[in-house]
Amino acid sequence: MRIAMIGTGYVGLVSGACFSEFGVHVTCVDKDATKIERLKGGEIPIYEPGLDELVARNVAAGRLSFTLDLKEAMAGADAVFIAVGTPTRRGDGHADLSYVYAAAEEIAANLDHYTVVVNKSTVPVGTGREVKAIISRTNPNAAFDVASNPEFLREGSAIGDFMRPDRVVIGTSSERAAEVMRRLYRPLYLIETPIVLTSLETAELTKYAANTFLAAKITFINEIADLCEKVGANVHDVARGIGLDGRIGKKFLHPGPGYGGSCFPKDTLALVRTAQQVGSPLRIIETVVDINDKRKKQMAERIVAACGGSVAGKTIGVLGVTFKPNTDDMRDAPSLDIIPALQAAGATVRAYDPAGMHEAEKLLPGVEWARDAYGALEGADGVAILTEWNEFRALDLKRVKALLKKPVMVDLRNVYNPEDMAAAGFAYSSIGRPTEP
Ligand code: NAD
């Protein structure tokens, strides 16, 4: 089989490479000439564990290639996937569909045989119908069907998630398109992956329902963590105590500085807007969005409080700036709220991140970037852990203490144990756990 993948971002590049690993001939297209140039030169423009080998192997096998030319990519393709960005539209919180609709027009201009147009981007209900209308309008003779195939992979474990998903959701009203999709995903049938075959609208909504549910689960445990602090309970024990109940489940019950990243913030907001627009408001999700926005800002206040109530003229060492470990993605990372708030309160921020500094430099002016974790701590008045990269989990605490002016640590990811930190002589604060053992 042969497919074209429009967009070589976190989703398009990973999905394209994984399909090629399944034996499909994949041509990835992007408008960004630098990205395509780098990919052709064997360089991976994003940080995603394992992606370099996967891409190299399939390029060498002749199943994966990159181009700026959509016509070339669509030649003989069974399906063309749209995996372009759908960021928040400026001003109103709706999803910005301009990239998806532009891709639909470009596809229409190049359709010369029956092709399934598959939308992998996260898009509001009704977008698939609109894509169909755009293509029919632009190229009335085109032979095609539209399908929705939302992607559920997580950055940082994207390849494993794509290769061994909990389920695959396919939305289409065409049996012919469904058959093409089944053939594409055939390797997953062997590992008995459930395939949810449904309508376009249902598939589109399923993706938003999944992401908003997970955002609500995180927000729930964050509020329980705050309550734990007030009443002297331990949020990890509460999370375990409820998570072992199969109806609740263990995952996504880890408290932190509020969800961030390229999906949850924009998808919660977009679904809230869709629901308001059709007169069926999602009040739970409206509240989740509000709580999470405020939470990120409150995190800076926690750090200020831990530093004795003021950070004016002080230096704060920050470990981790990406929204989670194992990615270089900075989109809507909590650090983008926390660091500027510390700077506004008069602090100098010295930070280190294993993969995110290149992106972060552009977004966080005035930050001093260190060469490693210890470099960020030298002479600092306190340290804040914002992302739980593995290399921050086993710091040499003696060395950390010797480097800091004062042994203050604010651990927004609960990487360390309060008991161990107290024993090591730190004034340690974390989320939802008693400071006293
Ligand atoms: P991204 O911004 O990393 O990549 C999008 C790419 O599309 C860019 O390289 C851009 O240059 C390219 N592009 C835009 N218009 C184009 C066009 N007309 N022709 C060719 N290339 C074009 O985005 P992403 O993170 O991969 O997300 C893509 C979609 O997948 C979004 O809707 C997102 O919500 C969804 N999604 C993302 C994740 C994730 O973890 N990042 C997970 C699941 C779903």
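Computed from a predicted model, the values in this text were never measured in an experiment.

**As for the site of the ligand**
Consideration 1: Lining the immediate environment of the ligand, one finds 27 residues, of which Gly7, Gly9, Val11, Ser121 and Thr122 sit closest.
Consideration 2: Across the shell around the ligand, the residue classes tally to 11 nonpolar, nine polar and seven charged.

**Some words on the domain arrangement of the protein chain**
Consideration 1: Per the domain assignment, the segments of the protein chain are domain 1 (2-198) and domain 2 (243-429).
Consideration 2: Averaged C-alpha coordinates put domain 1 and domain 2 at centres separated by 32 Å.
Consideration 3: At the interface, 16 residues of domain 1 touch 15 residues of domain 2.
Consideration 4: The class makeup of the residues in the side of domain 1 that touches domain 2 is eight nonpolar, five polar and three charged.

**Some thoughts on unusual backbone geometry**
Consideration 1: The phi dihedral of Glu192 is positive, around 60°, even though this residue is not glycine.
Consideration 2: Its place among the elements puts Glu192 in the loop between α9 (186-190) and β8 (195-198).
Consideration 3: Judged by the 6 C-beta atoms lying within 10 Å of it, Glu192 is exposed.

**A closer look at the nonpolar core**
Consideration 1: Ile3, Ala4, Ile6, Val80, Phe81, Ile303 and Val318 are the most contacted members of the largest nonpolar core, which totals 124 residues.
Consideration 2: Per-element tally for this core: the top contributor is helix α10 (residues 200-231), with 10 residues.
Consideration 3: A domain split of this core shows at least three residues from each of domain 1 (2-198) and domain 2 (243-429).

**What to know about the confidence of the model for the protein chain**
Note: predicted coordinates in regions of low pLDDT should not be interpreted at a detailed level.
Consideration 1: Summarising the model, the protein chain shows a mean pLDDT of 97, and 100% of its residues fall at 70 or more.
Consideration 2: This complex was scored by the predictor with a pTM of 0.96 and an ipTM of 0.99.

**What about the packing of α10 against helix α13 (residues 283-306)?**
Consideration 1: Two elements in contact, α10 and α13, have axes separated by 10 Å at closest approach and are oriented at 55°. By the angle class used here, α10 and α13 are oblique. Where α10 crosses over α13, the handedness of that crossing is left-handed. Contacts from Thr212, Ala215, Ala216, Thr219, Asn222 and Glu223 of α10 reach α13 at Ile284, Ile285, Val288, Ile291, Asn292 and Arg295.
Consideration 2: Here the residues of the contact of α10 with α13 are counted per class, giving six nonpolar, four polar and two charged.

**Describing the environment of Ile46**
Consideration 1: Here Ile46 shows up in the loop between α2 (33-40) and α3 (51-60).
Consideration 2: In this structure, the C-alpha to C-alpha distance between Ile46 and Ala355, residues 309 residues apart in sequence, is 9.6 Å.
Consideration 3: Ignoring any residue separated from it by four or fewer positions in sequence, one finds Ile46 in contact with Tyr10, Leu13 and Asp328.

**Points about the UniProt feature "domain: UDP-glucose/GDP-mannose dehydrogenase C-terminal" (unreviewed entry) in the protein chain**
Consideration 1: UniProt tags residues 317-418 as "domain: UDP-glucose/GDP-mannose dehydrogenase C-terminal" (unreviewed entry).
Consideration 2: As a span, residues 317-418 carries 25% helix and 18% strand, and end to end its C-alpha atoms are 19 Å apart.

**Observations regarding the sheet that holds strand β9 (residues 315-319)**
Consideration 1: Pairing is parallel across the open sheet formed by six strands, whose spatial order is β11-β10-β9-β12-β13-β14. What marks the edges here is a single partner per strand, and that holds for β11 (368-369) and β14 (427-429).
Consideration 2: Two strands pair when backbone bridges link them, and strand β10 (residues 348-352) and β11 are joined in this way by two bridges, in the parallel orientation. Across the sheet, residue Arg350 finds its bridge partner in β11, namely Glu368.
Consideration 3: Sheet strands touched by α13: β9, β12 (382-385), β13 (408-411) and β14. Its angle to β13, the strand with the most contacts, is close to 160°.

Criteria and cut-off values
- Residues numbered from 1 in each chain as written.
- Predicted model: local features only at pLDDT ≥ 70, side-chain atom pairs only at ≥ 80, totals over all residues.
- Near = placed C-beta within 6 Å.
- Nonpolar A, V, L, I, M, F, W, Y, C, P; charged D, E, K, R; others polar.
- Domains from an automatic or database assignment.
- Contact = placed C-beta atoms within 7 Å.
- Helix = DSSP H or I, 4+ residues; strand = E, 2+ residues; numbered from the N terminus.
- Buried ≥ 20, exposed ≤ 12 C-beta atoms within 10 Å, placed from the backbone.
- Core = buried A, V, L, I, M, F, W, Y, C linked by C-beta atoms within 7 Å.
- pLDDT = per-residue confidence, 0-100.
- Axes fitted to C-alpha atoms, helices over the stretch in contact; angles between N-to-C directions.
- Parallel < 35°, antiparallel > 145°, perpendicular 65-115°, else oblique.
- Left-handed = near helix turned anticlockwise from the far one by under 90°.
- UniProt positions renumbered as here; feature names shortened; annotations may be inferred.
- Pairing = 2+ DSSP bridges.

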